[in-house]
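# Descriptive analysis of the structure
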Amino acid sequence: MLEILGGSAVLVAIFGLALPRLDGGSHRLDREARSLALVVESARGIAMHREYPVAVSFEIVPQRVRVHHDLDSDGRMDPGEETLLLPLHPDVAFGAGPTPPVRPRSDPTDLTVLRQGRPTVIFDPDGSASESAVVHLTARRRSDSIRPTEGRALAIEAESGAVECLSYRSGSWDATC
């Protein structure tokens, strides 16, 4: 009998440790936000290292990011110029969802530069960005409804090109992901 109780206690402890990971929504959202921040920061680094503009476009539909190496600085995707398409995880979407946007009119983004109709930030060889902007991410349930308390955002600063990852938890935006 003691062995059964001991074994049950171990199973309960293991299940209790695993329980926060079963949902996975906020963990997935954190990973996706950090990955997106790394993509944007890498685009900035490539622009500085290779000395040509790199554009990062946020395709709201079909929920992906496009990174374009603009070798001739003409603002167009020409043959021979590298373009990388990175889809968002199916459980993550662009947009603030039910969380308040970081800034007014920034849902899903407040980027004003458009390339082929897509909100785009362009990193110049000096490391600066074309504009300061916010890009929002939110988690989706399997039923495609958006979770009310989960939101992440990337804040891009124009002058330095710096990227900051923000999390919406407990009713406010914090500089962590």
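The sections below set out a description of the structure shown in this document. (Residues numbered from 1 in each chain as written. Predicted model: local features only at pLDDT ≥ 70, side-chain atom pairs only at ≥ 80, totals over all residues. Heavy atoms only, no water.)

## Brief notes about the environment of Thr138
- Its place among the elements puts Thr138 in strand β7 (residues 133–139).
- Given the relative accessible area of 1%, Thr138 is considered buried. (Helix = DSSP H or I, 4+ residues; strand = E, 2+ residues; numbered from the N terminus. Buried < 20%, exposed > 50% of the residue type's maximum accessible area, 1.4 Å probe, protein only.)

## Remarks on the side chain of Asp78
- Topologically, Asp78 is positioned in the loop between β2 (64–69) and β3 (83–87).
- A relative accessible area of 16% means that Asp78 is categorised as buried.
- When residues no more than four places from it in sequence are discounted, the contact partners of Asp78 are His68 and Asp72. (Contact = heavy atoms within 4.5 Å.)

## Concerning the environment of Ala33
- Tracing the chain through its elements places Ala33 in helix α2 (residues 25–50).
- Judged by its relative accessible area of 0%, Ala33 is buried.
- For the pair Ala33 and Val92, spaced 59 residues apart in the sequence, the C-alpha separation amounts to 9.4 Å.
- If sequence neighbours within four positions are ignored, Ala33 has contacts with Leu137, Arg152, Leu154, Cys165 and Cys177.

Interpretation note: all reported values are geometric properties and have no functional meaning in isolation.
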